[in-house]
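# Reading the structure
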Amino acid sequence: MSVMTLRIPDDLEPSIKASAKAAGLSLNAYIVRAVRRQSVIDAAQQLAALGLGDDLCEEGDSL
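What counts, and where the lines are drawn
- Residues numbered from 1 in each chain as written.
- Predicted model: local features only at pLDDT ≥ 70, side-chain atom pairs only at ≥ 80, totals over all residues.
- Heavy atoms only, no water.
- Helix = DSSP H or I, 4+ residues; strand = E, 2+ residues; numbered from the N terminus.
- Areas by Shrake-Rupley, 256 points an atom, 1.4 Å probe, with all protein chains shown as cover.
- Salt bridge = Lys/Arg side-chain N within 4 Å of Asp/Glu carboxyl O.
- Buried < 20%, exposed > 50% of the residue type's maximum accessible area, 1.4 Å probe, protein only.
- Expected span 1.5 Å × (residues − 1).
- Patch = residues over 30% accessible without salt bridge, like charges linked within 9 Å, V, L, I, M, F, W, Y side chains within 5 Å.

## With respect to the overall build of the protein chain
- Along the protein chain, the regular secondary structure elements total two helices and zero strands.
- Within the structure as shown, the protein chain displays about 5,600 Å² of accessible surface, and the carbon and sulfur contribution to it stands at 55%.

## Digging into the pattern of salt bridges
- Throughout the structure, instances matching the rule amount to one salt bridge.
- Measuring nitrogen to oxygen at the nearest pair gives 2.8 Å for the salt bridge that ties Lys 17 to Glu 13. Of the two residues, Lys 17 and Glu 13 both sit in helix α1 (residues 13–22), four residues apart, roughly one turn of that helix.
- For Lys 17, a relative accessible area of 43% corresponds to the partly exposed category.

## Observations concerning helix α2 (residues 27–49)
- If you check α2, its first and last C-alpha atoms are 33 Å apart, about what 23 residues at 1.5 Å a residue would give, namely 33 Å.
- Once α2 finishes, Gly 51 follows within two positions and takes phi at roughly 80°, a positive value.

## Some details on a nonpolar patch on the surface
- A cluster of nonpolar residues, Leu 47, Leu 50 and Leu 52, forms a patch on the protein surface that exposes about 290 Å² of accessible area.
- Checked against the element boundaries, Leu 50 lands in the segment after α2.
- You can call Leu 50 exposed: its relative accessible area is 64%.

Structural data, given as structure tokens:
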């Protein structure tokens, strides 16, 4: 596991904290979940751009 410092603009902090609280997560867990979700979406878009997103591993998963 790595340790990172994240600077959140003052105008975004209240809404991010409120969203984390509403989700029942710590601020750290909420941000990690958001980053993980976005990285999966980015990877899926890259696969789709390569034409590989229609049927992943022939398991019925699709983008």
